[in-house]
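# Results of the structural survey
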Amino acid sequence: MRLLLALTVVMSMVGCMTVNRSGGPQRDVRDENQVSFKNDSAPRKRLMILPFLDSSEKRPQSVRDRARTAFIADLNRSGELIALDSRELNLDLTKMMDPAGGYKLAEVAKAANALGVNAVLEGRVLDVRVKRSADNVGVVRQLTTGFEVVAQVRVVTARGGQEIFNTIKTVTLKDQGVRVGERVESDKFLQNNPDMIEVIVKDAFLDFSPQVLTALEKISWEGRIAAIQGDRIYLNVGKISGLEMGDLLKVIEEGDDIYDPESGTHIGRAPGRLKGTLEVISYFGTDGAIAIIHSGSGFKENDRIELY
């Protein structure tokens with residue numbers, strides 16, 4: 001419904017003279033891959049959204065930028081996570097691009113983990129096309145228009161860079177109507193109507209929101225010790241992230257990376273040693289918390305924290 005309303009506005013803007021005879025445009029979405037896992041007790045996780053990529057250099061960057069802005073807003077509206085624009089974290093991505101124009105997600109994930117992010121999302125526009133057909137004769141001709149967007153979203157965990165979501169989505173909108181005395185040319189249609197591209201690309205990514213939320217339920221929530229001053233321990237997560245007064249948190253030492261001795265492939269990170277527990281006593285800053293030691297000792301900055 002969101003796309004149909006937006007499409008109606010855009011079609012009126014570009015002067016499209018279609019008379020609908022079939023009850024409105026028909027929209028079809030094809031998905032691949034979805035994993036379901038639920039943990040309602042965990043605080044909100046932090047998801048960093050990287051600048052969207054596009055397989056074509058012909059489409060303006062503003063199309064994917066606006067789609068990403070709408071996508072971040074939609075995820076945050078859910079209240080289930082904190083979606084962050086990578087620019088908010090001052091992360092230099094220019095050194096984390098591969099020759100093919102994509103992200104080196106393993107490197108991005110490692111940097112994001114150090115900033116207290118739980119997962120990283122990459123979005124890519126693979127194709128945008130329009131298919132139009134009409135009767136070849138007559139002044140008044142039956143017209144069928146199909147708008148199709150192919151988009152891909154990948155999500156990896158910040159700790160370890162494990163891929164937890166990778167889906168290619170094809171969103172199709174078909175509209176049948178009558179067009180009077182107009183040549184049917186599909187090759188230049190999208191070039192001449194950039195507003196149309198923006199609407200359908202943005203809607204395609206918004207369709208990923210529920211699946212991304214589900215995918216993030218696979219990973220556990222965690223935060224970091226940001227600073228230690230006397231008996232006060234400052235955490236990089238707080239009220240916005242969902243911590244409450246009196247919460248007990250486990251402090252876990254960062255484990256070592258484990259590699260396959262034959263291939264050299266990174267297998268994962270070994271579980272770290274449990275150092276003790278903290279108790280949340282107050283908040284500070286935009287989204288930070290202050291804790292005191294409940295048990296244990298030897299806590300250091302950047303130690304990982306989890307719910308007890």
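The preceding data block contains the structure.
Presented here is a report on the structure given in the accompanying data block. (Residues numbered from 1 in each chain as written. Predicted model: local features only at pLDDT ≥ 70, side-chain atom pairs only at ≥ 80, totals over all residues. Heavy atoms only, no water.)

## Some points on the side chain of asparagine 113
Which entries qualify depends on this criterion: For helices the rule is a DSSP run of H or I covering at least 4 residues; for strands it is a run of E covering at least 2, with both sets numbered from the N terminus onward. Between buried and exposed lies partly exposed: a residue is buried under 20% and exposed over 50% of the maximum accessible area for its type, with that area taken using a 1.4 Å probe on protein chains only. Each polar contact in these results corresponds to two N or O atoms within 3.5 Å; when the atoms are within protein, one needs to be able to donate a hydrogen and the other to accept it, and residues that are neighboring in sequence are counted only if both atoms are side-chain atoms. Note on contacts: a residue pair qualifies if any of its non-hydrogen atoms lie within 4.5 Å across the two residues.
With respect to the helices and strands, the residue asparagine 113 is situated in helix H3 (residues 105–114). Residue asparagine 113 is classed as buried on the basis of its relative accessible area, which comes to 8%. Polar side-chain contacts of asparagine 113 include one of 3.1 Å to the side chain of arginine 224. If we ignore the near neighbours within four places in the chain, the residues touching asparagine 113 are Ala158, Arg159, Glu222, Arg224 and Arg269.

## Things to note about the packing of aromatic side chains
Any two aromatic rings considered together are summarised by their centre-to-centre distance and by the angle between their planes. Heads up, the condition is: Aromatic rings from Phe, Tyr and Trp, with only the six-membered ring used for Trp, were paired whenever their centres fell within 6.5 Å, and each pair was classed as stacked if the ring planes differed by under 30 degrees, edge-to-face if by over 60, and tilted otherwise.
For the coordinates displayed, the defined rule picks out 5 aromatic pairs. Between phenylalanine 52 and phenylalanine 205 the ring centres are 4.4 Å apart and the planes differ by 25°, which places this aromatic pair in the stacked class. A residue pair is termed long-range when its members are at least 10 positions apart, and phenylalanine 52 in the loop between strand E3 (45–49) and strand E4 (53–54) and phenylalanine 205 in helix H5 (residues 194–206) qualify at 153 residues. The same class applies to phenylalanine 52 and to phenylalanine 205, which are both buried.

## Focus: H3
When we look at burial in H3, the residues that qualify are Leu105, Val108, Ala109, Ala111, Ala112 and Asn113. Directly beyond the C-terminal end of H3, a positive phi value near 85° is found at glycine 116.

## As for the packing of helix H2 (residues 61–77) against helix H6 (residues 209–216)
Selection criterion: Each axis is a line fitted through C-alpha atoms, and for a helix only the stretch in contact is used; angles between axes span 0 to 180 degrees, taken between their N-to-C directions. Roughly parallel means an angle under 35 degrees; roughly antiparallel means over 145; roughly perpendicular covers 65 to 115; every other angle is labelled oblique. Note on convention: near helix rotated counterclockwise from far helix by under a right angle means a left-handed crossing. Clockwise means right-handed. Three classes are used, and their members are as follows: Ala, Val, Leu, Ile, Met, Phe, Trp, Tyr, Cys and Pro are nonpolar, Asp, Glu, Lys and Arg are charged, and the others, Gly among them, are polar.
In contact at an axis separation of 10 Å, H2 and H6 are set at 55° when each is read in the N-to-C sense. As summarised for this structure, H2 and H6 are arranged oblique, according to the angle between their axes. At the point where H2 passes H6, the crossing takes the right-handed sense. Together, Phe71, Asp74 and Leu75 of H2 and Ser209, Val212 and Leu213 of H6 make up the contact between the two elements. Class assignment of the residues belonging to the contact of H2 with H6 gives a composition of 4 nonpolar, 1 polar and 1 charged.

## Re unusual backbone geometry
One non-glycine residue, asparagine 90, lies in the positive phi region at around 55°. With respect to the secondary-structure elements, asparagine 90 resides in the loop between strand E5 (81–85) and H3. Assessed through its relative accessible area of 72%, asparagine 90 is described here as exposed. Its identity is not glycine, yet asparagine 302 carries a phi of approximately 80°, on the positive side. Assignment of secondary structure puts asparagine 302 in the loop between strand E15 (288–296) and strand E16 (304–307).

## Some details on the environment of aspartate 85
Turning to its location among the elements, aspartate 85 is positioned in strand E5. When the C-alpha atoms of aspartate 85 and isoleucine 72 are compared, they prove to be 7.4 Å apart, with 13 residues separating the residues in sequence. The residues touching aspartate 85, leaving out its near neighbours within four places in the chain, are Ile49, Arg68 and Ile72.

## Points about the pairing of strand E14 (residues 274–284)
Rules: Paired strands, as defined in this entry, are two strands with at least two bridges between them according to DSSP.
Bridging between strand E11 (residues 248–252) and E14 involves 5 bridges; their strand directions are antiparallel. Within E14, the position partnered with leucine 248 by the bridge is glutamate 279. Note: E14 against E15, 8 bridges, orientation antiparallel. Within the sheet, the bridge partner assigned to glutamate 279 lies in E15 and is isoleucine 292.

## Considering the environment of arginine 64
Mapped onto the fold, arginine 64 is located in helix H2. A relative accessible area of 17% means that arginine 64 is categorised as buried. Sequence separation between arginine 64 and glycine 123 is 59 residues, and the spatial gap between their C-alpha atoms is 9.0 Å. In this structure, arginine 64 is in contact with Phe52, Leu53, Asp54 and Arg59, ignoring residues within four places of it in sequence.

## A few points about the pattern of salt bridges
Selection criterion: Counted as salt bridges are all cases of a side-chain nitrogen of Lys or Arg within 4 Å of a carboxyl oxygen of Asp or Glu.
As enumerated under the stated definition, the model contains 18 salt bridges in all. In this structure, the salt-bridge partner of glutamate 198 is arginine 66, at a minimum N-O distance of 2.8 Å. Here glutamate 198, found in helix H5, pairs with arginine 66, found in helix H2; they are 132 residues apart in sequence, far enough to count as distant. A salt bridge links arginine 87 to aspartate 85; the shortest N-O distance between them is 2.8 Å. Among the residues examined, arginine 87 registers a relative accessible area of 60% and is labelled exposed. Given a relative accessible area of 10%, aspartate 85 falls into the buried group.

## Regarding the sheet that holds E15
Backbone-to-backbone hydrogen bonds join strands into a sheet, with any given pair of strands oriented parallel or antiparallel. If you walk around this closed barrel you meet the 6 strands as E9-E10-E15-E14-E11-E16, and the pairing is antiparallel. The average undirected angle you get between the axes of adjacent strands in this sheet is 45°. Where strand E9 (residues 223–229) meets E16, 2 bridges bridge the pair, whose relative direction is antiparallel. Bridging from a neighbouring strand, glycine 223 pairs with isoleucine 305 of E16.

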